[in-house]
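If you want the building blocks of each chain, they are given just below.
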Amino acid sequence: SSAIVFEGVSKRYPDGTVAVEHLDLTLPAGELTVLVGPSGCGKTTTLRMINRLENPSEGRLMIGEQDVMRIDATRLRRRIGYVMQHSGLFPHHTIADNIATVPRLLGWNKKRRRERVDELIELVGLEPSLASRYPHQLSGGQQQRVGLARALAADPPILLMDEPFAAVDPIVRHRLQQEFLDLQRRVQKTIVMVTHDIDEAMKLGDRVAIFEPGGAVAQFDTPSRLLAA
Ligand code: ADP
Ligand code: ADP
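What counts and how
Residues numbered from 1 in each chain as written. Chains lettered and ligands numbered in written order. Predicted model: local features only at pLDDT ≥ 70, side-chain atom pairs only at ≥ 80, totals over all residues. Heavy atoms only, no water. Axes fitted to C-alpha atoms, helices over the stretch in contact; angles between N-to-C directions. Helix = DSSP H or I, 4+ residues; strand = E, 2+ residues; numbered from the N terminus. Parallel < 35°, antiparallel > 145°, perpendicular 65-115°, else oblique. Left-handed = near helix turned anticlockwise from the far one by under 90°. Contact = heavy atoms within 4.5 Å. Nonpolar A, V, L, I, M, F, W, Y, C, P; charged D, E, K, R; others polar. Near = heavy atom within 4 Å. Polar contact = N/O pair within 3.5 Å; in protein donor to acceptor, adjacent residues only side chain to side chain. Areas by Shrake-Rupley, 256 points an atom, 1.4 Å probe, with all protein chains shown as cover. Phe/Tyr/Trp six-rings, centres within 6.5 Å; stacked < 30°, edge-to-face > 60°. Buried < 20%, exposed > 50% of the residue type's maximum accessible area, 1.4 Å probe, protein only. Lys NZ or Arg CZ within 6 Å of the ring centre and 35° of its normal. Pairing = 2+ DSSP bridges. 1 Å grid on protein atoms, 1.4 Å probe; cavity = no way out; pocket = protein on both sides within 12 Å on 5 of 7 lines; lining within 4 Å. Points joined across faces, edges and corners; volume = space filled by probe spheres on them.

Two elements in contact, helix 6 (residues 140-152) and helix 7 (residues 170-187), have axes separated by 11 Å at closest approach and are oriented at 25°. As far as their axial angle goes, helix 7 and helix 6 are roughly parallel. In the crossing of helix 6 with helix 7, the sense of the turn from one axis to the other is right-handed. Between helix 6 and helix 7, the contacting residues are Gly 141, Gln 144, Arg 145, Leu 148 and Leu 152 on the first element and Val 172, Arg 175, Leu 176, Glu 179, Phe 180 and Leu 183 on the second. In terms of residue class, the contact of helix 6 with helix 7 is made up of six nonpolar, two polar and three charged.

Inspection of the region around ligand 2 gives Ala 96, Asp 97, Ala 100, Lys 110, Arg 113, Arg 114, Val 117, Asp 118 and Ala 131 as its neighbouring residues. At 3.2 Å from an oxygen atom of ligand 2 is found a side-chain nitrogen or oxygen belonging to Asp 97. Protein burial of ligand 2: of its 550 Å² of free accessible surface, 68% is covered by the chains. Among the secondary structure elements, those contributing two or more residues to the shell around ligand 2 are helix 3 (95-99) and helix 5 (110-123). It is helix 5 that provides the largest number of residues to the shell around ligand 2, a total of five residues.

Lining the immediate environment of ligand 1, one finds Tyr 13, Asp 15, Thr 17, Ala 19, Pro 38, Ser 39, Gly 40, Cys 41, Gly 42, Lys 43, Thr 44 and Thr 45. The separation between an oxygen atom of ligand 1 and a polar main-chain atom of Gly 42 is 3.0 Å. Within the backbone of Thr 44, an N or O atom sits 2.8 Å from an oxygen atom of ligand 1. For ligand 1, the accessible surface in isolation is 560 Å², of which the surrounding protein chains cover 62%. The leading source of residues in the shell around ligand 1 is helix 1 (residues 43-50), at three residues. Each residue belonging to the shell around ligand 1 can be placed in one class, and the counts come to four nonpolar, six polar and two charged.

Moving on: the packing of aromatic side chains. Enumeration according to the criterion identifies one aromatic pair in this entry. For the pair Phe 165 and Phe 180, a centre-to-centre distance of 5.9 Å together with 65° between the ring planes defines the contact as edge-to-face. One end of the pair, Phe 165, is in the loop between strand 7 (158-162) and helix 7; the other, Phe 180, is in helix 7, and 15 residues separate them in sequence. Accessibility classification places Phe 165 together with Phe 180 in one group, the buried group. If you follow Arg 112 out to its NZ or CZ, it ends over the ring of Trp 108, 3.7 Å from the centre.

Read across the sheet, four strands follow the order 2-1-4-5 without closing on themselves; strand pairing throughout is antiparallel. Because the sheet does not close on itself, it has two edges, and the strands there are strand 2 (18-27) and strand 5 (66-67). One ladder, built from two bridges, connects strand 4 (residues 58-63) with strand 5; its direction is antiparallel. Counted as the bridge partner of Met 62 is Asp 67 from strand 5. Relative to strand 1 (residues 4-12), helix 1 is tilted by about 120°, and along the sheet it contacts strand 1, strand 2 and strand 4.

Time to look at the layout of surface pockets. Its boundaries defined by the atoms lining it, the largest pocket holds a volume of some 420 Å³. Along its surface, the largest pocket is lined by 22 residues, and Arg 77, Ile 80, Tyr 82, Val 102 and Arg 150 are the ones closest to its centre. In this structure, the second largest pocket encloses a volume near 280 Å³. Lining the second largest pocket are 13 residues, with Ala 96, Asp 97, Lys 110, Arg 114 and Val 117 sitting closest to its centre. Taken together, the elements giving at least two residues each to the lining of the second largest pocket come down to helix 3 and helix 5. Among the elements that take part in the lining of the second largest pocket, helix 5 stands out by supplying six residues, more than any other. Of the residues assigned to the lining of the second largest pocket, the class counts are four nonpolar, two polar and seven charged.

Moving on, we come to the sheet that holds strand 7. If you trace the six strands from one edge of the open sheet to the other, you get 6-7-8-3-9-10, paired in mixed fashion. The open sheet has two edge strands with one neighbour each: strand 6 (80-83) and strand 10 (216-221). Recorded for the sheet is a direction-independent mean angle of 15° between the axes of neighbouring strands. In this fold helix 7 packs onto strand 3 (32-36), strand 7 and strand 8 (190-195), with an angle of close to 160° to the strand it touches most, strand 8.

Okay, here's the thing in structure tokens:
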């Protein structure tokens, strides 16, 4: 299973900043957990430790039965999709090539890549004709869809999303959130999403971890139980 378990995890940056303080948290497999809280309280650091863009200074971080520190970082990242606030697309690659990035690294043949790209374009609700365009020819909302398609390309069991809808205008954001809810039900992955928007957290999360300044989690529960408290 792909549950993600933090056991007493702390992260101190080289300059002495303590970004995450003794985190104990189990993110259940197959659920969408939202990390929410004001800026600077350690959400992104927590997310980035899962695919080892940052390493914990203390404690243990497990994915299923495996200690993350013992998994080769490159292999780990091929099992974990990552969506950023700004889609991070390669500007000189077409949309299709951007989406096929990981499949290409994995050595999938052209036919298989092409079929997968077509499937993903449909899955994330993009016009098929956009496949041969370049990122700058797409709107912000379309670029975020491409970022999501790219992250899902090799069907990773885990998906990490850092403020995926923050950079698009509010109407587009509303639509993307709705569609993402539907998509999440179909793809059944362990998803961890960072946001500073409590409404978004309550709307999308199966579980919500509320961070507080100092990099600790104040509350962790389902939205309905958090609202009833
Ligand atoms: P959030 O995602 O909640 O905004 P972050 O995880 O980005 O929080 O940051 C947590 C704390 O760690 C903040 O005080 C931030 O300034 C600090 N921080 C983040 N990245 C670094 C870094 N590379 N070096 C030093 N301090 C950092
Ligand atoms: P290369 O020749 O460098 O391998 P291609 O541009 O032929 O690259 O293809 C790159 C990837 O994008 C492949 O996985 C291919 O199947 C896919 N691809 C290219 N164009 C399209 C398209 N119009 N629709 C769907 N998939 C495409």
